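Single-letter residue listing:
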Amino acid sequence: ALFATGDVDENRELTFQHLFERGQGFGAEASLLLPIDPYMRAGGFVAAMWDGFDGKASTDVFGDVLEPDRWDLFTIMGGVKGLWLLGGGIQADGRVGLGAVHQSDVDATYTVGGVPAEIRLFDSSWGAAFEGGFRFGYAAGPFALELGGFMFACQEPDTVDLDLSLRAPVIFGLELALSFRF
């Protein structure tokens, strides 16, 4: 479960949560971790991720409705990671990374006074991204099943047809991971 927060337009009291449903995502990560001691590994990681959020209608105090289409983000990231072996197959890891995010075009239907118009809400753009996350799991042999959470922040999308005062979106999520070590 992913959800985006942050103001889309502070003057209109419009947030990302007003415009987009909870989302879903998928990612792949590769890490190279070296032993620091018998219970700790540290190193770097690279990851590629996709997150998507379906649009939802938001109505203002005047009855005008803004309903965006889907918002997709594709991220490439690298950073540092630590893995702690807690005993009995239990493990925990943490990571912090920087990278680049591509945000898709987002079209919308903007209905003012009962008259709908098709507009471009966000233009396709690239920007900076940051992520911090953690996982706890159980390892059996080369496999581990982990559950964790993360916080992802990225540069605000480019607006086109509406004069919006954007703040950078922040995405919070839960993740389930299957790891393989060799």
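Above this text you will find the structure in question.
Residues numbered from 1 in each chain as written. Predicted model: local features only at pLDDT ≥ 70, side-chain atom pairs only at ≥ 80, totals over all residues. Heavy atoms only, no water.

Q: So what about the overall build of the protein chain? Which residues, and what values?
A: Within the protein chain one finds one helix and 15 strands. Summarising its shape, the C-alpha atoms of the protein chain cover approximately 65 × 25 × 25 Å along the three principal directions. Scored against the burial criterion, the 182 residues of the protein chain give a buried share of 36%. Sequence-distant contacts in the protein chain: of pairs separated by 6 or more residues, those separated by 24 or more amount to 62%. As displayed, the protein chain has an accessible area near 9,800 Å², and 62% of this comes from carbon and sulfur atoms. (Helix = DSSP H or I, 4+ residues; strand = E, 2+ residues; numbered from the N terminus. Buried < 20%, exposed > 50% of the residue type's maximum accessible area, 1.4 Å probe, protein only. Contact = heavy atoms within 4.5 Å. Areas by Shrake-Rupley, 256 points an atom, 1.4 Å probe, with all protein chains shown as cover.)

Q: Before we move on, could you go through the sheet that holds strand β14 (residues 158-159) and cite the residues and values that matter?
A: Strand pairs in the sheet, formed through backbone hydrogen bonds, run parallel or antiparallel to each other. Ordered by their spatial adjacency, five strands build an open sheet running β6-β7-β10-β11-β14, and the pairing between neighbours is antiparallel. Where the open sheet ends on each side, the last strands, each with one partner, are β6 (58-59) and β14. As paired elements, strand β11 (residues 115-123) and β14 share two bridges and run antiparallel to each other. Bridge assignment links Phe122 to a residue of β14, and that residue is Thr159. (Pairing = 2+ DSSP bridges.)

Q: How would you summarise the nonpolar core if you had to cite specific residues and measurements?
A: Here is a general trend for soluble globular proteins: nonpolar side chains tend to be buried in one another's company. Counting 25 residues, the largest nonpolar core has Phe20, Leu66, Trp71, Leu73, Leu121, Phe122 and Phe152 as the members making the most contacts within it. Counting only elements with at least two residues in this core, the list comes to α1 (16-19), β5 (40-53), β8 (71-87), β10 (106-112), β11 and β13 (143-154). For this core, the leading source of residues is β5, giving four residues. Dropping the residues within four chain positions of it, Phe152 is found in contact with Leu73, Thr75, Met77, Val101, Ala129, Phe130, Glu131, Pro169, Val170 and Ile171. (Core = buried A, V, L, I, M, F, W, Y, C linked by side-chain atoms within 4.5 Å.)

Q: If you had to explain the pattern of salt bridges to someone new, which residues and values would you point to?
A: The final tally for this structure, using the stated rule, is 13 salt bridges. Between Glu29 and Arg135 there is a salt bridge, with its nearest N and O atoms 3.2 Å apart. Placement of the pair is Glu29 in strand β4 (residues 24-37) and Arg135 in strand β12 (residues 125-140), with a sequence separation of 106 residues. (Salt bridge = Lys/Arg side-chain N within 4 Å of Asp/Glu carboxyl O.)

Q: Got a sec to walk through the packing of aromatic side chains? Specific residues and values, please.
A: According to the stated counting rule, one finds nine aromatic pairs in the structure shown. Ring geometry for Phe143 versus Phe180: centroids 5.2 Å apart, planes at 50°, classification tilted. Of this pair, Phe143 sits in strand β13 while Phe180 is found in strand β15 (residues 170-180), placing the two residues 37 residues apart along the sequence. Residue class for Phe143 comes out partly exposed when judged on its relative accessible area of 46%. Taken together, the ring pairs in this structure connect Phe16, Phe20, Phe53, Trp71 and Phe122 into an aromatic cluster. (Phe/Tyr/Trp six-rings, centres within 6.5 Å; stacked < 30°, edge-to-face > 60°.)

Q: Go over the environment of Thr59, please, and point to the residues and values.
A: One can find Thr59 in strand β6. Exposure remark for Thr59: the relative accessible area of 52% places this residue in the exposed category. Counting along the chain gives 114 residues from Thr59 to Gly173, while the straight-line C-alpha distance between them is 26 Å. Those residues in contact with Thr59, other than ones at most four positions away along the chain, are Asp64 and Val65.

Q: Describe the side chain of Glu131, and please don't skip the residues or the numbers.
A: On the secondary structure map, Glu131 appears in strand β12. Look at Glu131 and you get buried, because its relative accessible area is 4%. A distance of 3.3 Å separates the side chain of Glu131 from the side chain of Arg95, its partner in a polar contact. With residues near it in sequence (within four places) discarded, Glu131 still touches Met49, Met77, Arg95, Val96, Gly97, Phe150, Met151 and Phe152. (Polar contact = N/O pair within 3.5 Å; in protein donor to acceptor, adjacent residues only side chain to side chain.)

Any functional reading would require information that these geometric values do not contain.
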